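Spelled out, the chains give:
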Amino acid sequence: MVIRLRKIFAVFASGVAALACGGGADVDPSRGARATDDDPTVAAAVTLEAREAWARPADSGATSAAYLVLANRGTTADTVVGLVTEAAESAAVHQTMQREGTMHMSALPVLPLPAGAEVSLAPLGTHVMLLRLRRALRAGDTVAIGLLLASGDTLPVSAVIRAP
Amino acid sequence: MRPPRLVSLLLASIGLGLSACAERPWHGIVLDPPAPAPPLAAAGVAEEPASRFTLAAARGSTVLVYFGYTHCPDVCPTTLADWARARRALGADTLGVRWVFVSVDPTRDTPADAAAYARQFHPTFEGTAFTDAELAPVLRDWSIAAYPEGDPRTPDYTVAHPAHSFVVDAEGRLRLMIPPGVHGDSIAEDLRRLR
Ligand SMILES: [Cu+2]
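All of these numbers come straight from a predicted model, not from anything done at the bench. All residue numbers refer to positions counted from 1 along the written sequence of the respective chain. As they are written, the chains are lettered A onward and the ligands numbered 1 onward, keeping that order. pLDDT decides what is reported in this predicted model: residues at 70 or higher carry local features, side-chain atom pairs at 80 or more are listed and counted, and totals for whole chains, interfaces and linings draw on all residues regardless. With hydrogens and water stripped out, all remaining heavy atoms of the structure feed into the side-chain values.

Caption draft 1: Structural detail: the environment of A:A117. All names here are of chain A. The way it works is that DSSP assigns letters per residue, a run of H or I at least four long becomes a helix, a run of E at least two long becomes a strand, and they are numbered from the N terminus. Tracing the backbone shows A117 in the loop between β6 (111–113) and β7 (118–121). Residues A117 and T79, spaced 38 residues apart in sequence, show a C-alpha to C-alpha distance of 12 Å. Residues within four places of A117 in sequence aside, it is in contact with L70, A71 and N72. By the convention used here, residues are in contact when the closest approach between their heavy atoms is within 4.5 Å.

Quick look at the structure:
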């Protein structure tokens, strides 16, 4: 199913000011506010699909990760520049790397979405870090995540909580 | 940061392990010849709390050991979920296998935290943790690296930790290193073959 860009959810707009994401993927409140402006030309030019979104179960206060596939069906490149979610104090795009037998994670400041490309966020690779959860995530629940885009829009994603 | 010498040693032995079993490669990295596993217990503590896992007390069981941390959202859950799959795939053969999650995040994790985390993946999984002072000799003995990345005084720091699960056989010898991402069915296959 293709999710066309649309106006930011009220929950995201209200949460933006309270969210201070660490690790280089900070939310710009003005960006969130701008995304509430209806701009049909942008929505028509860029078509992003988010699918197979899921996140790991975790206790309140703990850390979880969300995964999804992003497909840019449009002819214009876009970039994820920030994240908002109602479920966590902070959210960031992270990259897992293995170096000399040791696993590391680091925040990606931006996540490019080239025109016509699919970007897969999957275990042991790129993921959405959900830090300091505001509530427990239990199997079967959903968590709402907004991907803030360089184009000024927000792509709303609903991730199902499930054990992998 | 120390270079992970054991890892280099074991990686060097991949070829050896594969050539010894050319007909069907292992999914894990074989340590051949096997070496005695380093101790996994708080050094200098005469009497371990009974609830705390020690390798010495696990002699007679095959033991899987993974060094991680409970705030680890990606690699650790992936590995422990693969362990849970392996355990299911083993069926009755799971008797005599112990699955131990060792926290290398002394700032945030207590032994109880580590145990609760491990149990989320399977009720039989065990967990343990060390204090900062106890952890240093464990890392040294195992020749592994684990350290905070980011400011450990803030809540969102991450912890660099070993990528592989270690498999210790019933005689207390280190036999296999299982890389992250190896499917549970493959782990089960290796464990069956080890026994
Ligand atoms: Cu992460």
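Caption draft 2: Local environment of the sheet that holds strand β4 (residues 126–129) of chain B. All names here are of chain B. Here, a strand pair is defined by DSSP locating no fewer than two bridges between the strands. Pairing is mixed across the open sheet formed by six strands, whose spatial order is β1-β8-β7-β2-β3-β4. Two strands close off the open sheet at either side, each with one partner strand: β1 (29–36) and β4. Taken pair by pair, the neighbouring strands of this sheet meet at an average axis angle of 25 degrees, ignoring direction. Here strand β2 (residues 62–68) pairs with strand β3 (residues 97–103) via seven bridges, running parallel. Bridge pairing in β3 links T62 to V97. Fitting a line to C-alpha atoms yields each axis, with helices limited to the stretch in contact; the angle taken between N-to-C directions then spans 0 to 180 degrees.

Caption draft 3: Seen up close, the interface of chain B and chain A. Each partner contributes residues to the interface: chain B has 26 residues there, and chain A has 26 residues. Each of two parts loses accessible area, computed with a 1.4 Å probe, when they are put together; buried area is these two losses added. With both chains or domains summed, chain B and chain A bury close to 1,900 Å², and 56% of this area falls on carbon and sulfur atoms. Looking at the side of chain B facing chain A, the largest losses of area belong to B:P73, B:D74 and B:D156, adding up to 30% of the total buried there. Between Lys or Arg on one side and Asp or Glu on the other, a salt bridge is scored when a side-chain nitrogen of the former is within 4 Å of a carboxyl oxygen of the latter. Between the two partners, chain B and chain A, sit one salt bridge. We note a salt bridge from B:D156 to A:R132, for which the minimum N-O separation is 2.6 Å. In protein, a polar contact means a hydrogen-donor-capable atom and an acceptor-capable atom, both N or O and within 3.5 Å, with residues adjacent in sequence counting only if both atoms are side-chain atoms; elsewhere, any N or O pair within 3.5 Å suffices. Counting the contacts that link chain B with chain A gives nine residue pairs in polar contact (both at pLDDT 80 or more). Throughout this entry, Asp, Glu, Lys and Arg are counted as charged residues, while Ala, Val, Leu, Ile, Met, Phe, Trp, Tyr, Cys and Pro are counted as nonpolar. The remaining residues, Gly among them, count as polar. Looking at the side of chain B that touches chain A residue by residue, the classes come out as 15 nonpolar, seven polar and four charged. As defined by bridge partners, strand β5 (residues 102–107) of chain A adjoins strand β6 (residues 158–162) of chain B across two bridges and the pair is classed as antiparallel. When the bridges of β6(B) are listed, A:M103 appears paired with B:H161.

Caption draft 4: Representation of the coordination of the copper ion. All names here are of chain A. Sodium, potassium and calcium take a 3.2 Å donor cutoff, other metals 2.8 Å, and in both cases only N, O and S atoms count; water is not among them, so sites may look incomplete. Note on the copper ion: its protein donors are H94 (ND1), M105 (SD), H127 (NE2) and M129 (SD). The metal-donor distances range over 2.1 to 2.4 Å. Labels for metal geometry use angle windows, namely 85 to 135 degrees for all angles of a four-donor tetrahedral site, and for square planar (four donors) or octahedral (six donors) sites opposite donors over 155 degrees apart plus all others within 65 to 115; sites meeting none of these are irregular. Around the copper ion, the four donor atoms are arranged such that angles at the metal cover 99 to 122 degrees; this shape is classified as tetrahedral. Mapping the donors of the copper ion onto the primary sequence gives the spacing H-x10-M-x21-H-x1-M. Of the two residues, M105 sits in strand β5 while H127 sits in strand β8 (residues 126–133), which places them 22 residues apart along the sequence. Here M105 matches H127 in class, with each residue buried. Three labels apply to residues, based on accessible area from a 1.4 Å probe with only protein chains included: buried if under 20% of the type maximum, exposed if over 50%, partly exposed otherwise in between.

Worth remembering: the numbers are spatial, not functional.
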